[in-house]
Amino acid sequence: MSSNPYSAFDYGAYILGLHDRSEKELYEKLLKKGYSPEESASAMAKLANYGYIDDARYARHYAEQKLHSYGKRKVEYDLLHKGVSAEVVSEVLEELVDEDIMIDEIKAVMKKKLKGTVPEDRAQLKKLFDSFARKSYEYELVKKAYNLYTEEIENFESE
């Protein structure tokens, strides 16, 4: 039995009240707080039974938040690192990732970055593509978005 004045369940519910966490993250928090593995496991089971902790819900919410700023690979890596199972991550990303929407979002960021211009040389183009690579966007999606962006610019200039 730990010397904490609150039960592992109460502390877990408090932590989840602050913001959602994966099962692995919460379990590690309970252990770090000084609860025994048995107390922590019991609290986790009770929290899951009440529906307070659900990795699928957590993964869906996390992915919905992050996919607007990062690529699928980064979100997948982050969720796996947070202890969400590969099967759950795969299901959630398959459900949420729409290639056309991702291309539109990348193109919108390009418009903002380039301010309606086209990169003048390879160095500027590399800098643009590298900025998306750092956020783990897939090269093919960035390339498609860039091609659509340049088509729009060319069509606008020819009018």
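The following refers to the structure shown. (Residues numbered from 1 in each chain as written. Predicted model: local features only at pLDDT ≥ 70, side-chain atom pairs only at ≥ 80, totals over all residues. Heavy atoms only, no water.)

Quick look at the overall build of the protein chain now. Per the secondary structure count, the protein chain includes nine helices and zero strands. Its C-alpha atoms give the protein chain a radius of gyration of 22 Å, clearly above 15 Å, the size a compact globule of 159 residues would have. In terms of its C-alpha atoms, the protein chain occupies a principal-axis envelope of roughly 75 × 25 × 25 Å. Here the protein chain, with 159 residues, has 34% of them falling under the buried criterion. (Helix = DSSP H or I, 4+ residues; strand = E, 2+ residues; numbered from the N terminus. Rg over C-alpha atoms; globule rule 2.2 N^0.38 Å. Buried < 20%, exposed > 50% of the residue type's maximum accessible area, 1.4 Å probe, protein only.)

Okay, unusual backbone geometry next. Residues other than glycine seldom take positive phi values, yet Lys115 does so here, at roughly 55°. Here Lys115 shows up in the loop between α7 (99-114) and α8 (122-134). You can call Lys115 exposed: its relative accessible area is 70%. Of note, the phi angle at Ser136 is positive, near 65°, even though the residue is not glycine. Within the element layout of this structure, Ser136 appears in the loop between α8 and α9 (139-158).

Note on placement: Ser22 falls in the loop between α1 (8-18) and α2 (23-33). The exposure class of Ser22 is buried, given its relative accessible area of 0%. Each residue touching Ser22, except ones within four places of it in the same chain, is listed here: Ile53, Asp55, Tyr58, Lys82 and Val84. (Contact = heavy atoms within 4.5 Å.)

The subject of this paragraph is the environment of Leu16. Note on placement: Leu16 falls in helix α1. Of the residues examined, Leu16 reaches a relative accessible area of 13% and is grouped as buried. It is 32 Å that separates the C-alpha atoms of Leu16 and Glu99, two residues lying 83 residues apart in sequence. Setting aside its immediate chain neighbours within four residues, Leu16 contacts Arg21, Leu26, Leu47, Tyr52 and Ile53.

Okay, the packing of aromatic side chains next. For any pair of aromatic rings, the description consists of the separation of the ring centres together with the inter-plane angle of the planes. Enumeration over the complete set of coordinates arrives at nine aromatic pairs. Their ring planes at 35° and their centres at 6.3 Å tell us that Tyr11 and Tyr14 sit as a pair that is tilted. Of this pair, Tyr11 and Tyr14 are both found in helix α1, three residues apart, which corresponds to roughly one turn of the helix. When its relative accessible area of 16% is taken as the criterion, Tyr11 is described as buried. A centroid spacing of 5.7 Å and a plane angle of 40° characterise the contact between Tyr50 and Tyr52, whose relative ring orientation is tilted. (Phe/Tyr/Trp six-rings, centres within 6.5 Å; stacked < 30°, edge-to-face > 60°.)

Moving on, we get to α8. Across its 13 residues, α8 extends 18 Å between first and last C-alpha, which sits within 8% of the 18 Å expected from 1.5 Å per residue. Those residues of α8 lying buried are Leu128, Phe129, Ser131 and Phe132. Buried residues of α8, seen end-on, are gathered within an arc of 150° and therefore sit on one face of the element. Every exposed residue of α8 that faces more than 90 degrees away from the buried side is listed here: Arg122, Ala123, Lys126, Lys127 and Arg134. (Expected span 1.5 Å × (residues − 1). Arc of directions from axis to C-beta.)

Note that Asp55 resides in helix α4 (residues 55-66). Of the side chains with opposite charge, Arg57 lies nearest to the buried Asp55, which makes no salt bridge, at 8.3 Å. When residues no more than four places from it in sequence are discounted, the contact partners of Asp55 are Ser22, Glu23, Gly83, Val84 and Val88. (Lys, Arg positive; Asp, Glu negative; His and termini not counted. Salt bridge = Lys/Arg side-chain N within 4 Å of Asp/Glu carboxyl O.)

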